[in-house]
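Listed below are the residues making up each chain.
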Amino acid sequence: MAKITYIEHDGTEHTVEVKTGLSVMEGAIRNNVPGIDADCGGACACATCHVYVDEAFQAETGRASAMEESMLDFAENVQPNSRLSCQIRVSDDLDGLIVRLPESQH
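Per chain, residue numbering runs from 1 following the sequence as it is written. pLDDT decides what is reported in this predicted model: residues at 70 or higher carry local features, side-chain atom pairs at 80 or more are listed and counted, and totals for whole chains, interfaces and linings draw on all residues regardless. Side-chain numbers come from the whole structure's heavy atoms, not from hydrogens or water.

An unreviewed UniProt entry lists the protein chain under the name Ferredoxin, 2Fe-2S, from Brevundimonas viscosa. Quoted straight from UniProt, the Sequence similarities (unreviewed entry) entry for the protein chain says "Belongs to the adrenodoxin/putidaredoxin family." UniProt positions are given in the numbering used here, feature names are shortened, and annotations may be inferred rather than shown by experiment. Listed in UniProt under the heading Cofactor (unreviewed entry), the comment for the protein chain reads: "[2Fe-2S] cluster".

Structure (structure tokens):
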């Protein structure tokens, strides 16, 4: 289990425990965190689970694949720390992870 904090665009924080092996997106959906739509269900076929990974965890979350980067082209306000949360697998190393959510996923 890893404790992950999802911060909505308005600053509202949701800290939840997410089972190892799930994706950061699945953790949000299973815990009813608003702001992650996940229209494709985690297949890396949309950009509606876009998040901004806290700088302290960028190395632990790894780099985006070429497929993920191409999907990020459909997201709004992409930053260097942008990731699709469906592509980040939860591990013990991600305990304390903070992700910020964009104003809109569409």
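As a further point, take the overall build of the protein chain. A count of helical and extended segments in the protein chain gives three helices and five strands. Secondary structure elements are taken from DSSP: a helix is a run of H or I of four residues or more, a strand is a run of E of two residues or more, and numbering for both begins at the N terminus. Listing each helix as α and each strand as β along the protein chain from the N terminus yields β-β-α-β-α-α-β-β. Its C-alpha radius of gyration of 12 Å places the protein chain within 12% of the 13 Å reference for a compact globule of 106 residues. Across its three principal axes, the protein chain shows a C-alpha extent of roughly 30 × 25 × 25 Å. Under the scheme applied here, a residue whose accessible area is under 20% of the maximum for its type counts as buried, over 50% as exposed, and between as partly exposed, the area being computed with a 1.4 Å probe on protein chains only. For the protein chain, buried positions account for 45% of its 106 residues. Values of the radius of gyration come from C-alpha atoms, whereas the globule rule sets the reference at 2.2 Å times the count of residues to the power 0.38.

Grouped together as the largest cluster of nonpolar side chains are 29 residues, with contacts concentrated most on Tyr6, Val24, Ile36, Leu84 and Leu97. Mapped by element, the contributors of at least two residues to this core are β1 (2-7), β2 (13-18), α1 (24-30), β3 (50-53) and α3 (66-72). Think of a nonpolar core as a cluster: buried Ala, Val, Leu, Ile, Met, Phe, Trp, Tyr and Cys residues, connected wherever their side-chain atoms sit within 4.5 Å.

The next point concerns a negative patch on the surface. The patches reported here contain residues having more than 30% relative accessible area and no salt bridge. Joining distances are 9 Å for like charges and 5 Å for nonpolar side chains (Val, Leu, Ile, Met, Phe, Trp, Tyr). Per-residue and other accessible areas were derived by the Shrake-Rupley procedure at a 1.4 Å probe size, with only the shown protein chains allowed to occlude residues. The working definition used for a salt bridge is a side-chain nitrogen of Lys or Arg within 4 Å of a carboxyl oxygen of Asp or Glu. We treat Lys and Arg as the positive residues and Asp and Glu as the negative residues; His and chain ends play no part in the count. Here the site of a charge means NZ on Lys, CZ on Arg, CG on Asp, or CD on Glu. On the surface, Glu17, Glu60, Asp92, Asp93 and Asp95 cluster together to form a negatively charged patch. On the secondary structure map, Glu17 appears in strand β2.

Looking at where Ile4 falls in the secondary structure, it is placed in strand β1. Any two residues whose heavy atoms approach within 4.5 Å are treated as being in contact. With near-sequence residues (within four places) excluded, Ile4 lies in contact with His14, Thr15, Val16, Val18, Val24, Val90 and Leu97.

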